[in-house]
Amino acid sequence: MPFVADRAFGWQPAVIDESWGLQTIPSGTAYTVCKSLWCPECGLLFLDIRFSEAEMAGIYCGYRGAEYTRLREHYEPGYAARNQQLDQGVSYIAEVEHFLRPLVGDTPHVLDWGGDTGRNTPFRGRSQMCDVYDISDKPVVAGARRVDHGQALGSTYDLVVCSNVLEHIPYPEDTLRDIVAAMDTHSVLYVEVPFEDTVRTVPSQPHLHKRHWHEHVNFFSEDSLHRLMERCGLEVVSSGQLFVTTAGKSTYLFQLACRLPPGAAAQ
């Protein structure tokens, strides 16, 4: 999508007209070309472009701030109004807490990895500790504490939240292995990702139906998500799906609660 291409690479769409003097290329708008890839074994649908750290910073530093919103509104009219709705937070945190409470109780020490401002962090306000690590580095809301990467890895937590993050990042296994370093065998990792419509409704060869890519560069199937946890040495102890509506848009979500096996060391 042109917003992501501009934000990550500084590439704007090219408008081709007669002044170009091209003989065999028709006039029109030229957008960045990419490929949709699909794994027939696990069902993962993903973008062929894997962003570098600098490109990820270009996309997500100041995430949904004034400059981000201005550029996205330019390419996607109406986004600014939606962003205001998103800033109000999601409405299903109670359901997430209900899913997790049997595993972590009601006052866990929490690290929200990729938690933005902490507005949507489960148990915030009741937690004995609520730390947020996020690339955007925005100020956090009351009841949360911003931590850097070293601080996040220098502590252990009852609950580590990775909610609506893995679909954005180029190498989710690397991120999960990083997160595991903030866990011990009593910790619970909560993972939440969208069950994207393309994968949900077209499970066979969805890459033939995916026409554009935006911020989500990984579209997980249930199998691919479970395999990812296994590759990172995690055991899935509970899983489920949610159907939610946020800022007027409805979607399905995968929920996983994971632990390290007894006796395992952080890898």
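Not measured: the values here are computed from a predicted model.

Thoughts on the nonpolar core
- Among the nonpolar cores identified, the biggest contains 51 residues, and Leu166, Leu189, Met229 and Leu234 are the most heavily contacted of them.
- For this core, the element with the most residues is strand S9 (residues 188–195), which contributes four residues.
- Discounting residues that sit within four places of it in the chain, Leu234 has contacts with Val180, Met183, Leu189, Met229, Cys258, Arg259 and Leu260.
- Core analysis: the next-biggest nonpolar cluster, separate from the first, contains 15 residues, Val104, Leu159, Val188 and Ala257 among them.

Re the packing of aromatic side chains
- In this structure the tally under the stated criterion is eleven aromatic pairs.
- Aromatic ring contacts, followed pair by pair, group Phe3, Tyr60, Tyr63, Tyr68 and Tyr79 into a single cluster.
- In this structure, Arg72 is placed above the aromatic ring of Phe3, and the distance from its NZ or CZ to the ring centre is 5.5 Å.

Structural notes on the side chain of Asp116
- The residue Asp116 is located in the loop between strand S5 (109–113) and strand S6 (129–133) in this model.
- By relative accessible area, which is 17% here, Asp116 ends up buried.
- A distance of 3.1 Å separates a polar atom in the side chain of Asp116 from a polar atom in the side chain of Lys138.

A word on the sheet that holds strand S10 (residues 218–219)
- Ordered in space as S3-S4-S10, the three strands form an open sheet in which the pairing is antiparallel. Edge positions in the sheet fall to strand S3 (36–38) and S10, since each of these pairs with one other strand and no more.
- Relative to strand S4 (residues 45–47), S3 runs antiparallel, the two sharing three bridges. By the bridge assignment for S4, Trp38 is matched with Leu45.

Digging into the state of the cysteines
- Considering all chains together, one arrives at zero disulfides under this definition.
- Between Cys34, a cysteine without a disulfide, and Cys39, which holds the nearest cysteine sulfur, the sulfur-to-sulfur distance is 19 Å.
- Using a relative accessible area of 32% as the deciding quantity, one classes Cys34 as partly exposed.
- Cys42 takes part in no disulfide bond, and the closest cysteine sulfur to it belongs to Cys39, at a distance of 3.7 Å.

Considering the packing of helix H1 (residues 2–9) against helix H2 (residues 53–60)
- Here H1 crosses H2 at 120°, and the two axes come no closer than 7 Å. Looking at the two axes, H1 sits oblique to H2. Judged by the twist between their axes, the crossing of H1 over H2 is right-handed. Facing H1, whose interface residues are Val4, Arg7, Ala8 and Phe9, H2 presents Glu55, Gly58 and Ile59.

Some words on the side chain of Ser224
- Within the element layout of this structure, Ser224 appears in helix H9 (residues 222–231).
- A distance of 2.9 Å separates a polar side-chain atom of Ser224 from the backbone oxygen of Ser221.
- What Ser224 contacts, discounting residues up to four positions off in sequence, is Cys42 and Leu44.

Quick notes on the sheet that holds strand S11 (residues 235–246)
- Spatial strand order, S7-S6-S5-S8-S9-S12-S11: seven strands in an open sheet with mixed pairing. Only two strands of the sheet have a single neighbouring strand rather than two, namely strand S7 (145–146) and S11.
- Of the strand pairs in this sheet, S6 and S7 are connected by two bridges, and their pairing is parallel. Each bridged residue has a counterpart across the sheet, and for Val132 the counterpart in S7 is Arg146.

The rules we used
Residues numbered from 1 in each chain as written. Predicted model: local features only at pLDDT ≥ 70, side-chain atom pairs only at ≥ 80, totals over all residues. Heavy atoms only, no water. Core = buried A, V, L, I, M, F, W, Y, C linked by side-chain atoms within 4.5 Å. Buried < 20%, exposed > 50% of the residue type's maximum accessible area, 1.4 Å probe, protein only. Helix = DSSP H or I, 4+ residues; strand = E, 2+ residues; numbered from the N terminus. Contact = heavy atoms within 4.5 Å. Phe/Tyr/Trp six-rings, centres within 6.5 Å; stacked < 30°, edge-to-face > 60°. Lys NZ or Arg CZ within 6 Å of the ring centre and 35° of its normal. Polar contact = N/O pair within 3.5 Å; in protein donor to acceptor, adjacent residues only side chain to side chain. Pairing = 2+ DSSP bridges. Disulfide = S-S within 2.5 Å. Axes fitted to C-alpha atoms, helices over the stretch in contact; angles between N-to-C directions. Parallel < 35°, antiparallel > 145°, perpendicular 65-115°, else oblique. Left-handed = near helix turned anticlockwise from the far one by under 90°.

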